[in-house]
Amino acid sequence: REDATGGLVPLEGLEITRGQVLGHAQLATRLDPSWYKAWHTWALLNAESAQLAEQTHQTFVTSSAEAGTSKAALRTASTRVLGSSAKSHAVAAVHGFFAAIRVGAQTRRTRVQDILRVLTLWF
């Protein structure tokens, strides 16, 4: 369901996790590997998940440092947290954007946006 501006409106009583949404988007890429919108959506969701994981990581590091945790312990724990989530989502996002670009963006503008997102993820 969409609102007047085209944004999605949450449906009452429907609870779905980010992982389930990612799973459905990935399934769409498997069911139709030539569908730009499926690849683009899957890539965007992974990019957002990577960003969320990175923010969670930064919050963890900041709160742990304020609590007096040693830098060595922080480095080890934070690398584990970042490595398991943000990196895997970032890699999936880059893969998805490349696939979207390969199968053909709907317009030149969306193709440029996808390329810029890839560059943002890399740097």
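Residues numbered from 1 in each chain as written. Predicted model: local features only at pLDDT ≥ 70, side-chain atom pairs only at ≥ 80, totals over all residues. Heavy atoms only, no water.

S.K.: Got a minute to help me understand the environment of alanine 25 in this structure?
M.R.: As for its placement among the helices and strands, alanine 25 is situated in helix H1 (residues 18-31). Taking the C-alpha atoms as reference, alanine 25 lies 9.3 Å from histidine 40; in sequence the two are 15 residues apart. Once residues within four sequence positions are removed from consideration, alanine 25 is found in contact with Ala38, Trp42 and Leu45. (Helix = DSSP H or I, 4+ residues; strand = E, 2+ residues; numbered from the N terminus. Contact = heavy atoms within 4.5 Å.)

S.K.: In this structure, what is going on with the side chain of aspartate 114? I would like to understand it.
M.R.: Note that aspartate 114 resides in helix H5 (residues 108-122). The buried category is assigned to aspartate 114, whose relative accessible area is 0%. Within the structure, aspartate 114 has its side chain in polar contact with the side chain of tyrosine 36 (distance 3.0 Å). (Buried < 20%, exposed > 50% of the residue type's maximum accessible area, 1.4 Å probe, protein only. Polar contact = N/O pair within 3.5 Å; in protein donor to acceptor, adjacent residues only side chain to side chain.)

S.K.: Sorry, what's going on with the pattern of salt bridges here?
M.R.: For side chains of opposite charge, pairing can occur when their charged atoms come near one another. A complete count under the given rule lists one salt bridge for this structure. Here arginine 117 ties to aspartate 114 by a salt bridge, and the two come within 3.7 Å at their closest N and O atoms. Residue arginine 117 and its partner aspartate 114 are both found in helix H5; the two are separated by three residues, about one turn of the helix. On the basis of relative accessible area, arginine 117 is assigned to the partly exposed category, the value being 30%. (Salt bridge = Lys/Arg side-chain N within 4 Å of Asp/Glu carboxyl O.)

S.K.: Any chance you could explain the packing of aromatic side chains here in plain terms?
M.R.: For any two aromatic rings, the description comes down to two numbers: the centre-to-centre distance and the angle of the planes. Applying the stated criterion across every chain, the model contains one aromatic pair. Measuring from ring centre to ring centre gives 5.9 Å for tryptophan 39 and tryptophan 42, while their planes differ by 75°; the resulting arrangement is edge-to-face. Of this pair, tryptophan 39 and tryptophan 42 both sit in helix H2 (residues 36-66), three residues apart, roughly one helical turn. (Phe/Tyr/Trp six-rings, centres within 6.5 Å; stacked < 30°, edge-to-face > 60°.)

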